[in-house]
Amino acid sequence: SFLTQAIRRGDVVVFIDPKNSRRLKRVVQRACSDYRDADTFLEFHPAFPELGVRLDFTFNWQKPTEIASRIQSIMPVDTGGAFTAFGWDAVNVVVQGLVSLEDRPNLIKLTKYIEGGIEPVLEASLQRLFDASLGPAWRDLQEMRALMQAAVRGQIKRPSEVATPQLMACVSYYEQHIPQNQRDKVIDSQIRVFRHNREHYQKITANLLPILSMLTSGDLGGSLSPDPFDLADKRPIMNFEKIERGGHVLYMCLDSLPDPSVASAIGALAIADLAARAGMRYNLGITRRITLVVDEIANVINQPLIEILHKGAEGGIHSICAMQTLADLAKRLGSEDAARMALGNLNNLFALRSKDRPTQDFIVETFGKTGIHTMRVGINQGADTHLGDWSAGQSVQLTESMEERVPVDILGKLPNLQYFGSVAGRLVKGRFPILDPDFDRPK
């Protein structure tokens, strides 16, 4: 119902479905065909990449550091935060280097240069710097020739096996002959990573590489790191800016049942990219309404989604989240307090049948209490011992107590599709209609 309303309203719709519900997908397709243009509906499915679009989650950014922050948001949280910080720095060094070389970063390139080494980026950066500062004949300089010969003879220690003699000569010349005021901070960061012990570097980035491997393995690499120059791949390349400008409806399946880890990483990265897009909308003053619908929120919730729930409405992003129990969310976020904090950012609540007691308690807390009046009436009469004597009495007692508006037990007995709702502070009781997208098709 909510999706159909958003599509008919003309919203840009992003629906993240961990399960790939065929019935719900058909409802969305039918709403698009009834109320929107033919090319409005877009689909993404990691198990069937050839049928949908390619999504680039590293395309839109205003500062290169945003890409590192997106990757950091989907990394497993460590206790001290040191490994997460190292992961952010590792991604940022590569991104800054690629941007300085006017090469657009994507997930495949990040994986290549973090796992295989920063050497190709560093060598290209140094050559670009020398071409600009020393002229095209810098390779013929006497100091450079001497360093090159020393590197070829093995007189300059190599920090890694993939470092070429030319790279060692360039690094040595940069460190020995380039004044401090002429050095490039981006190159300094690359040299720091280049000089770092390779074995230790792999240990401190241990949380990062599995995430990048999940997002770049097999056909998924081409779907999430699209190559615009690959003429053999006819699938459209989309990002959230293009989806917004085109007024599209994106049905994004995560395929969480057979592959929950990869599904969670894809969903979290998509939400991180959308949160960054929300920040751009703030900065640019874009107000076109976006409806974000997340089913099974416990599978993909992360800090960027909480930020969208917290601040997104001002930027025109209206969110609808569906979940089963409070315990699912608490397990994902680490505690029930964190789960309640996330749910506190949601304004309205629709509660269908729920069997979980902590979830029931949260629902009835949201609905609040009301005053219940109890009246007790007592009447008594009787005859005395003397003949003809008779007595009677009447008493009325009125008491008031505060009770739950919706009793907890009722939530576990609601029929299918019936709900209690708290809408803008108003308590409602209703029933959702069944939308059959094929009702007018011949059986």
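Quick look at the structure, then. (Residues numbered from 1 in each chain as written. Predicted model: local features only at pLDDT ≥ 70, side-chain atom pairs only at ≥ 80, totals over all residues. Heavy atoms only, no water.)

## Structural notes on the overall build of the protein chain
Across its full length, the protein chain carries 19 helices and 12 strands. Projecting the C-alpha coordinates of the protein chain onto the three principal axes gives extents of approximately 140 × 60 × 40 Å. Counting every position in the protein chain, which comprises 443 residues, the buried fraction comes to 44%. Sequence separation of 24 or more characterises 71% of the internal contacts of the protein chain that already satisfy a separation of 6 or more. As displayed, the protein chain offers around 23700 Å² of accessible surface, 52% of which is attributable to carbon and sulfur atoms. (Helix = DSSP H or I, 4+ residues; strand = E, 2+ residues; numbered from the N terminus. Buried < 20%, exposed > 50% of the residue type's maximum accessible area, 1.4 Å probe, protein only. Contact = heavy atoms within 4.5 Å. Areas by Shrake-Rupley, 256 points an atom, 1.4 Å probe, with all protein chains shown as cover.)

## Structural notes on the nonpolar core
The biggest cluster of nonpolar side chains holds 92 residues, and the ones touching the most others in it are L55, L126, F130, L215, M252, I266 and L292. When residues of this core are assigned to their parent elements, the largest contribution, 10 residues, is made by helix 14 (residues 260-284). In this structure L215 touches I74, L107, L220, G221, L224, A265, I266 and L269, once residues within four positions along its chain are discounted. Residues A6, I7, F15 and V293 belong to the second largest nonpolar core, which totals 12 residues. (Core = buried A, V, L, I, M, F, W, Y, C linked by side-chain atoms within 4.5 Å.)

## Here's the deal with the sheet that holds strand 5 (residues 249-253)
Picture the strands of a sheet paired through backbone hydrogen bonds; they go either parallel or antiparallel. Ordered by their spatial adjacency, five strands build an open sheet running 2-5-1-6-7, and the pairing between neighbours is parallel. Each edge of the open sheet is held by one strand with a lone partner, namely strand 2 (41-44) and strand 7 (317-321). Each adjacent strand pair in this sheet contributes to an overall mean axis angle of 15 degrees, direction not counted. Bridge count for strand 6 (residues 290-294) against strand 7 is five bridges, and the pairing is parallel. Bridging from a neighbouring strand, I290 pairs with I317 of strand 7. In the packing of helix 15 (residues 303-311) onto the sheet, contacts are made with strand 6 and strand 7, and the angle to strand 7 comes to roughly 120 degrees. (Pairing = 2+ DSSP bridges. Axes fitted to C-alpha atoms, helices over the stretch in contact; angles between N-to-C directions.)

## A short note on the packing of helix 4 (residues 82-100) against helix 6 (residues 119-133)
For any two helices packed against each other, one specifies the crossing angle of their axes together with the interaxial distance. The N-to-C vectors of helix 4 and helix 6 enclose an angle of 40 degrees; their axes lie 10 Å apart at closest approach. As judged from the angle between their axes, helix 4 and helix 6 are oblique. Where helix 4 crosses over helix 6, the two elements pack in a sense that is left-handed. Within the contact between the two elements, helix 4 uses G97, L98 and S100 and helix 6 uses V121, S125 and R128. (Parallel < 35°, antiparallel > 145°, perpendicular 65-115°, else oblique. Left-handed = near helix turned anticlockwise from the far one by under 90°.)

## Thoughts on the packing of helix 3 (residues 65-73) against helix 14
For the pair helix 3 and helix 14, interaxial distance at closest approach is 9 Å and the crossing angle is 145 degrees. As for how helix 3 packs across helix 14, the hand of that crossing is right-handed. On helix 14, the residues that touch E66, R70, I71 and S73 of helix 3 are L269, A272, D273 and A276. The residue makeup of the contact of helix 3 with helix 14, split by class, is four nonpolar, one polar and three charged. (Nonpolar A, V, L, I, M, F, W, Y, C, P; charged D, E, K, R; others polar.)

## Let's talk about a nonpolar patch on the surface
A grouping of M375, V377, I379, V396 and L398 is seen on the molecular surface, where their side chains present a nonpolar patch of about 550 Å² in accessible area. Elements with a minimum of two residues in the nonpolar patch: strand 9 (369-383) and strand 10 (390-404). Among the elements that take part in the nonpolar patch, strand 9 stands out by supplying three residues, more than any other. Inspection of the secondary structure puts L398 in strand 10. Overall, the relative accessible area of 55% leaves L398 in the exposed class. (Patch = residues over 30% accessible without salt bridge, like charges linked within 9 Å, V, L, I, M, F, W, Y side chains within 5 Å. Salt bridge = Lys/Arg side-chain N within 4 Å of Asp/Glu carboxyl O.)

## Let's talk about the pairing of strand 2
Side chains of strand 2 alternate between two faces, with F41 and E43 and L42 and F44 buried alike. For strand 2 and strand 5, the ladder comprises four bridges, and the chain directions are parallel. Within strand 5, the residue paired with F41 across the bridge is V249.

## Topic: unusual backbone geometry
Positioned with a positive phi, N20 is a non-glycine residue whose angle comes to about 70 degrees. Assignment of secondary structure puts N20 in the loop between strand 1 (12-17) and helix 2 (22-35).

## A closer look at the sheet that holds strand 12 (residues 426-431)
Taken in spatial order, the three strands of this open sheet run 8-11-12, and their pairing is antiparallel. Single-partner strands in this sheet number two, and they are strand 8 (349-351) and strand 12. In this sheet, neighbouring strand axes are inclined to one another by 20 degrees on average, regardless of whether the strands run parallel or antiparallel. By the bridge criterion, three bridges tie strand 8 to strand 11 (residues 418-423) in an arrangement that is antiparallel. The partner of L349 across the bridge, within strand 11, is S422.

## Comments concerning the pattern of salt bridges
One pass over the full model with this rule turns up 28 salt bridges. Between R289 and D11 there is a salt bridge; the shortest N-O distance is 2.8 Å. Of the two residues, R289 is situated in the loop between helix 14 and strand 6 and D11 in the loop between helix 1 (2-9) and strand 1; the sequence distance between them amounts to 278 residues. Judged by its relative accessible area of 3%, D11 is buried. A salt bridge links R340 to E365, with the shortest nitrogen-to-oxygen separation between them at 3.0 Å. Note that R340 is positioned in helix 17 (residues 336-343) and E365 in helix 18 (residues 357-367), a separation of 25 residues in sequence. Among the charged side chains, a salt-bridge network with shared partners connects K63, E66, R70 and D273.

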